[in-house]
Amino acid sequence: RPVPAPRPRFPARRESDQEQIVLKILNARPADDPELFQRFVQEYALISSAQHNNVVRIFEHGFTDAYAFIAMEYLPNGTLREVIAKGLTGRQALSILAQLAGGLAEMHHRGIIHRDLKPANIMVRNDGTMAIADFGIAKKLAAGAETTRHGELFGTPYYLAPELIEGQAASERSDLYSLGIIFFELL
């Protein structure tokens, strides 16, 4: 089953401090697609408490009659995909690897598996550091990473660990496999 299409993102400003943020909006009512709505709510729940420099900051979420939204950190400098396209030295590649490993360690410590780690889901901060983003198909280990129905495959095939392609449960090792692919691309 293909990954759900990316939800629209809109730049905005917080009223309290005028900080620029991004609103990630799900244009669907819970009754329209309960599974998609649940994944959207889960994304907020999974990463909102993370306080790591290499994980995107989530500020709040909300609902209206027509949609749900997540207010998140504004990262205007593109993705790791663009950084890779420009070329990197070995030292830069190692620095990025260390940052991503640190962000993943934080999420794994919280029992969260990303399941779609790829350069397009890694954002660049103003200071050049990386922030792992887009936890839309992440899973909480305690909830059971094996809760994906038999025959369902989520993620980007090129970055998927072999065990996921074979229909086995996701684990921290699945994210580390994806990180290894990214490191190869960095080099």
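Everything below is about the structure printed above this text.
Residues numbered from 1 in each chain as written. Predicted model: local features only at pLDDT ≥ 70, side-chain atom pairs only at ≥ 80, totals over all residues. Heavy atoms only, no water.

## Regarding the side chain of Glu73
- Topologically, Glu73 is positioned in strand S4 (residues 68-73).
- Owing to a relative accessible area of 7%, Glu73 belongs among the buried residues under this scheme.
- Looking at Glu73, its side chain comes within polar contact range of the side chain of Arg125, at 2.6 Å.
- Filtering out sequence-adjacent residues up to four positions away, Glu73 remains in contact with Val22, Val55, Val56, Arg57, Phe59 and Arg125. (Helix = DSSP H or I, 4+ residues; strand = E, 2+ residues; numbered from the N terminus. Buried < 20%, exposed > 50% of the residue type's maximum accessible area, 1.4 Å probe, protein only. Polar contact = N/O pair within 3.5 Å; in protein donor to acceptor, adjacent residues only side chain to side chain. Contact = heavy atoms within 4.5 Å.)

## Digging into the packing of aromatic side chains
- Going through the model one piece at a time under the given rule, you end up with 1 aromatic pair.
- Note on Tyr158 and Tyr159: the rings are 5.0 Å apart at their centroids and 85° apart in plane angle, and the pair reads as edge-to-face.
- Accessibility expressed as a relative area gives 6% for Tyr159, which makes it buried. (Phe/Tyr/Trp six-rings, centres within 6.5 Å; stacked < 30°, edge-to-face > 60°.)

## Some details on the pattern of salt bridges
- A complete count under the given rule lists 6 salt bridges for this structure.
- Here Glu19 and Arg57 are joined by a salt bridge, their closest N and O atoms 3.3 Å apart. Taken together, the positions of Glu19 in the loop between strand S1 (9-13) and strand S2 (20-26) and Arg57 in the loop between helix H1 (34-47) and strand S3 (58-63) put the pair 38 residues apart, joining distant regions of the chain.
- A residue is classified by how much of its surface remains accessible, and Glu19, at 27% relative accessible area, is partly exposed.
- The partly exposed category is assigned to Arg57, whose relative accessible area is 34%.
- For Arg110, the salt bridge identified is with Glu106, shortest N-O distance 2.6 Å. (Salt bridge = Lys/Arg side-chain N within 4 Å of Asp/Glu carboxyl O.)

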